[in-house]
Every structure is written in structure tokens, then in C-alpha cells.
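Observations on the model geometry
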Amino acid sequence: MTEAESVTNQGVTGKPAGGLDIARIREDFPILAREVYGKPLVYLDNAATSQKPRQLIEALVRYYESYNANIHRAVHCLGEEATAAYEEARAKVARFINAPSPECIVFTRNTTEAINLVAYTWGRANIGPDSGVLLTLLEHHSNIVPWQRLTAEKGASLRYIGLTEQQTLELDGLENLMDSRTRLLSVTQVSNALGTINPVQELAAEAHRNGTMVLVDGAQSVPHMPVDVQAMDCDFFAFSAHKMLGPTGVGVLYARPELLQEMEPFLGGGEMIKRVTQEDAIWNDVPWKFEAGTPNIADVIGFGVAIDYLSDLGMENVRAHEMEISEYALRRLRQMEEVIIYGPPDPADRGGVISFNYPDLHPHDIGTVLDRYGVAVRAGHHCAQPLMHHLDVSGTVRASFYVYNTLEEVDVLVDALGQAHAFFSNDTK
Ligand code: PLP
């Protein structure tokens, strides 16, 4: 392992905890210096994927230049260095979400694969014709489709917790949705489409009182706020590295250790076995039982560096910064004529995601004009079509913030939005 991978809390901001030096942070992200159509890039599509700091990019280069090797089975020095760095990244992930041990952390390709892993293994063994799975209307497709497939295959029921007028979960009457047949509640901690923060700790307590297991989709929470899976008391927790300054191609499934022990493997092959005969095989210990084949070694190591970076900033500080940006953006957007803003009104109830629309304009048209001003936002259904159907819209425009965004960038967004609205208003007259 290299020095950079083994050292945490090196001091990224040079500022004491409690305030982030955003100008200094921005210098770590080379892509933020580029222009789009001659305008400075204003990257507000962080809920889709975040940008990457130089420290991560350099760690990937260092890995390929100096200790690239396959892991776990090599007897040579390079293999040992790569194995140590890979397993150290697992330990960093465990500490970051306060998992009881690194053995509770399974590396996958992304959140989607982590949820599918649970559906295929735990789900297949535990969901039957008399069972039910409970979701919410705020879920991303990756926390819907695996459960649709499983419940259809098993003849089980699939239900959804609805929404209040403020687009928070409608928890009145939850007892009617979660009954003795409900084996699993699978819920996102933060909605990628509206930003709504769900009370997952309370939901987990309620579910457990009912004998229901809990999976939390943390794709939009772990990157943006402190997360403690033990305090939350969830059974499964899934998230993706690429949304938290890390590389694409790495996801995480956390599960309570006893669950991982009893679950069948997901994929079969090398790495996930202890011994293979002509007839059968004995599985490896957890978590390697769930990591068949050569894993994404470089990117897992890079993910460890991204976690160091975030840990050094402090997740309380990251959350405070995003709340400040969201509060300002909400205030500015509310001053604009005709803009419809979705999600809870109080920034304390939402992550750094703001979804909005103009009544007669297609979100794609808005997004395309914003792009011409250098502003990258997402426009569409955000992989949450049941939610869009509920809101009776085809999609929304979504601005999503991260640790390198500034209040000035919100001003650029608002100005460009005004231009886009004026352009289309004139166009339709
Ligand atoms: N869940 C939520 C809440 C998300 O926002 C996303 C991605 O946007 C996912 C799941 C899927 O993540 P991935 O595409 O990395 O698997």
C-alpha cells in the first residue's frame, strides 16, 4: 500500500472544522476549471454523479503505474500491496458508515447491483406467496424493479407508501400497509428526484416491531450527510462510490453480519469459494463469498481515497454547506415567476436536490438552454417514473449540489433560467 492510501485526515481544506474553504476545495477538482460553450462550467448534476478530486485521479494513476496486480491469491509483492490497499478501502467504508466490521461490507458495481444482490439471495429465500414487500413512491427504479421481478416470480404482494401534499412520506395509516405478511420494507433515505429526507430510523424501528426487515437505499444520503448504519438499525444498506467523489463501477452493500452468513452467494466463480470438487464447492467466508471473480481493484482503492477526502472535510460540514446552498437556491427560485418547486419546503427536510418546472415548458427544453449557459442540470424522470406519474408530470428539471458548489453558481442558474423562460415565452407568443 502506498502512503497516500494508508493515511487519512491529511488536511484538505486547511481550515478548522465548522467551515469549508470552498475556493480551496474547487482547486482539487480539475474539471471545474473547464468551459462549456465558452462559459464557465456550473456543474449541478451531482445527484447523477459527482466530479472527482485530483487526489483520486492520482491514486488511480499510482495504482496502475506502481502496484497493479490481482488480489488475494498472489504471493508476490505487487499482489500483496494491491490486496492490502483493497482491504484497507473496505475498512475505510466500514468506518465511514459506522458498520460494526469490514466483513459487513460487500463491494458491488453500484447501488443497483447491491439491491439486486439482496433480492436474488435473501429475497429468493425469504419471500413467498404469503409475503409482501413494501416500498415508497419516492424510490428510484433500482429500488423498484428488482422487487417487482421478485414479487412477480414468487406471487408475493408489492405495496407503496404514498406521499403527503408536501411530498414527504404519508405515514398515517402505515399499519394498514405494513402487516404480518410484510417481510421487507425497502426505502430510500433521500429521494434523488425531490430531495425529501425520509425518517429511516423511525421507519426501521416500526418495521422491526412488526417483524419486517429493512433495506435502506443510501445512494443520495451517504455522499451528503453523516450516516450511521448501526444507529439507523437497518438490515441492509446500499450506495454507490461515483456519487461521493469516487470512481464509477464501485458500489457497496452493507448487511448485518448474521444475514451475510446465512445468505446464499449471488454469483459463482473464482474468489467466492474455499474449495471446489467436481461435484460441488464450499463458499468462502463473508464478505468474499459475495465477490466472485476479479473485482474492480483500482476503483475500490480510489474509493478509499475519496472517503479520506470526505472524512477530512467532515460530513457535518458537507451537510451544512449543502443546506446553505439549498436554502439560498430555494429562496431565489421562489422569487421567480411561475416556477413550480417540488419537495418539502424546509431545507432541513431535504438533501441538496431541487426539482422544479415551468407550467408549460418541457424540462428537456429548459435543460438544453441551461446547458448553453454552461449550467449542467438533469431534466427528465430521474429514474422515478411512478413518482412522476403521481405528480402528474413527465419529468422535472433537477439541480443538485455538492461540496464544491457556490452561491454564485446558484445565481448563474437563476439568471440562465430567467433567460430560458424569456426565450420560450417569446417563442410561443
Ligand atoms: N438509488 C438512488 C436514490 C439513486 O439516486 C440512484 C442513482 O441515481 C440509484 C439508486 C442507482 O445508483 P447506481 O446507478 O449507481 O446503481
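Whatever comes next refers back to the structure up there.
The sections below set out a description of the structure shown in this document. (Residues numbered from 1 in each chain as written. Predicted model: local features only at pLDDT ≥ 70, side-chain atom pairs only at ≥ 80, totals over all residues. Heavy atoms only, no water.)

With respect to the site of the ligand
The immediate surroundings of the ligand are formed by 14 residues, with Thr112, Asp217, Gln220, Ser240 and Lys243 found nearest. One nitrogen or oxygen atom from the side chain of His242 is found 2.8 Å from an oxygen atom belonging to the ligand. Surface burial for the ligand is 88%, taken as the share of its 390 Å² of free accessible area covered by protein chains. For the shell around the ligand, a count of residues per class yields two nonpolar, ten polar and two charged. (Near = heavy atom within 4 Å. Polar contact = N/O pair within 3.5 Å; in protein donor to acceptor, adjacent residues only side chain to side chain. Areas by Shrake-Rupley, 256 points an atom, 1.4 Å probe, with all protein chains shown as cover. Nonpolar A, V, L, I, M, F, W, Y, C, P; charged D, E, K, R; others polar.)

Regarding unusual backbone geometry
Most peptide bonds adopt trans geometry, and most residues besides glycine take a negative phi value. The step from Val286 to Pro287 runs through a cis peptide bond, and the omega angle for that step is 5°. With respect to the secondary-structure elements, Pro287 resides in the loop between β12 (281-283) and α11 (297-313). With a phi angle near 60°, Gln167 is a residue other than glycine that sits in the positive phi range. Within the secondary structure layout, Gln167 lies in the loop between β6 (157-161) and α7 (174-177). A relative accessible area of 13% places Gln167 in the buried class. Positive phi outside glycine occurs at Asp233, with the angle close to 60°. Positionally, Asp233 belongs in the loop between α9 (229-232) and β9 (236-240). By relative accessible area, Asp233 is classed as partly exposed at 39%. (Helix = DSSP H or I, 4+ residues; strand = E, 2+ residues; numbered from the N terminus. Buried < 20%, exposed > 50% of the residue type's maximum accessible area, 1.4 Å probe, protein only.)

What to know about the pattern of salt bridges
Enumeration over the complete set of coordinates arrives at 17 salt bridges. Between Arg378 and Asp45 there is a salt bridge, with the nearest N and O atoms lying 3.0 Å from each other. Of the two residues, Arg378 is situated in strand β16 (residues 378-380) and Asp45 in the loop between β3 (42-43) and α3 (54-67); the sequence distance between them amounts to 333 residues. Salt bridges here are not isolated pairs; linked through shared partners, they connect Asp45, Arg378 and Arg398. (Salt bridge = Lys/Arg side-chain N within 4 Å of Asp/Glu carboxyl O.)

Overview of helix α4 (residues 77-96)
End to end, α4 covers 28 Å across 20 residues, agreeing with the expected 28 Å (1.5 Å per residue, within 8%). Asn98 lies just past α4 and shows a positive phi near 55°. (Expected span 1.5 Å × (residues − 1).)

Thoughts on the state of the cysteines
Summed over the entire model, instances satisfying the criterion amount to zero disulfides. Cys104 takes part in no disulfide bond, and the closest cysteine sulfur to it belongs to Cys234, at a distance of 11 Å. Judged by its relative accessible area of 0%, Cys104 is buried. (Disulfide = S-S within 2.5 Å.)

Structural notes on the sheet that holds strand β13 (residues 340-341)
Taken together, four strands build an open sheet; the order of strands is β13-β14-β17-β16 and the sheet is antiparallel. Of all the strands in the sheet, the pair left with one neighbour each is β13 and β16. With three bridges joining them, β16 and strand β17 (residues 396-400) adopt antiparallel strand pairing. By the bridge assignment, Gly380 is partnered in β17 with Thr396. (Pairing = 2+ DSSP bridges.)

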